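The residues making up each chain are set out below.
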Amino acid sequence: MKNTIVIDATKNCICDLVSTVDNGENRFFIEIRADTSLNPRLEIESEQIQITGSPFVCEIGPAYYVGTGSLQFRIVDNTHTGDYFQITKIAKVDGNLFLSQKSNFNYELIQVIAGNKTGVPIATAVSLGVVKGGANVGIKSDGTMWTEEHATESITNLELDEICK
């Protein structure tokens with residue numbers, strides 16, 4: 001997926017947009033709108049990148065977001081030092097990357113693993129996707145779920161996992 005964070009440095013580094021496009025790529029971009037007369041720079045880890053236009057687009061390579069901990073970056077210029085943005089790193093790239101915004105300055109990369117012939121992601125605890133029916137659960141032609149007509153007062157996670165195989 002192509003993931004982009006759009007930051008408006010002219011408005012106290014407010015995140016204007018988080019965009020995720022499923023285009024078959026795993027790429028991550030920061031797009032910055034800034035007043036170039038103020039000598040703006042993107043500080044990412046220990047590197048400083050001069051912002052030469054507005055909008056300015058910078059691709060963030062896997063070396064920055066694969067590993068442990070958080071990727072930190074901020075925008076600074078001659079008159080303002082912005083707060084740090086943080087993105088939780090992933091251990092390895094294994095599937096589509098999805099950028100999730102937790103707050104204005106905190107984000108998380110989530111892996112969406114495609115596991116079916118259509119390429120549509122399988123639902124997980126943190127991402128939308130497809131689910132399939134089983135012996136006791138199914139999907140009607142109108143898209144609603146059905147279950148067998150016997151009541152279950154309680155069910156364990158192991159029992160639920162077995163049903164959902």
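Scroll up to find the structure this text is about.
Conventions we followed
- Residues numbered from 1 in each chain as written.
- Predicted model: local features only at pLDDT ≥ 70, side-chain atom pairs only at ≥ 80, totals over all residues.
- Heavy atoms only, no water.
- Helix = DSSP H or I, 4+ residues; strand = E, 2+ residues; numbered from the N terminus.
- Buried < 20%, exposed > 50% of the residue type's maximum accessible area, 1.4 Å probe, protein only.
- Contact = heavy atoms within 4.5 Å.
- Areas by Shrake-Rupley, 256 points an atom, 1.4 Å probe, with all protein chains shown as cover.
- Salt bridge = Lys/Arg side-chain N within 4 Å of Asp/Glu carboxyl O.
- Pairing = 2+ DSSP bridges.
- Core = buried A, V, L, I, M, F, W, Y, C linked by side-chain atoms within 4.5 Å.

Here we take up the overall build of the protein chain. When you go through the protein chain residue by residue, the secondary structure sums to 2 helices and 12 strands. Secondary structure elements in the protein chain, listed N-terminal to C-terminal, are β-β-β-β-β-β-α-β-β-β-β-β-β-α. By residue count, 30% of the 165 residues in the protein chain fall in the buried class. Taking all contacts inside the protein chain whose residues are at least 6 apart in sequence as the whole, residues at least 24 apart take part in 42%. Put simply, the protein chain shows about 10200 Å² of open surface, and 51% of that area lies on carbon and sulfur atoms.

Attention shifts here to the pattern of salt bridges. Evaluation of the coordinates by the stated rule reveals 4 salt bridges. Of the charged contacts, one joins Arg27 and Glu59 as a salt bridge, the two residues approaching to 2.8 Å between their closest N and O atoms. In this pair, Arg27 sits in strand β3 (residues 27–33) while Glu59 sits in strand β6 (residues 56–60), placing the two residues 32 residues apart along the sequence. Classification of Arg27 by relative accessible area gives partly exposed; the value is 30%. On the basis of relative accessible area, Glu59 is assigned to the partly exposed category, the value being 39%. The residue Glu31 makes a salt bridge to Arg33 at a minimum N-O spacing of 3.4 Å. Overall, the relative accessible area of 32% leaves Arg33 in the partly exposed class.

Moving on, we get to the side chain of Ser100. Relative to the elements of secondary structure, Ser100 occurs in strand β9 (residues 96–101). In this structure, Ser100 is in contact with Asn106, Tyr107, Glu108 and Ile110, ignoring residues within four places of it in sequence.

Right, let's talk about the environment of Gly134 for a bit. Mapped onto the elements, Gly134 comes out in the loop between β10 (106–112) and β11 (137–139). Along the chain, Gly134 and Glu162 lie 28 residues apart, while their C-alpha atoms are 9.5 Å from each other.

Of the two faces of strand β8 (residues 85–88), the one lined by Phe85 and Ile87 is fully buried and the one lined by Gln86 and Thr88 carries no buried residue. For strand β7 (residues 70–76) and β8, the ladder comprises 4 bridges, and the chain directions are antiparallel. Looking across to β8, one finds that Leu71 is bridged to Ile87. As judged from the 3 bridges shared by β8 and β10, these two strands associate in the parallel manner. When the sheet's bridge partners are listed, Thr88 is paired in β10 with Glu108.

Moving on: the nonpolar core. In this structure, Ile5, Phe28, Ile32, Leu42, Phe73 and Ile87 are the most contacted members of the largest nonpolar core, which totals 27 residues. Elements supplying a minimum of two residues to this core: β1 (2–8), β3, β4 (41–44), β6, β7, β8, β9 and β10.

Read these as layout, nothing more, since geometry by itself doesn't imply function.
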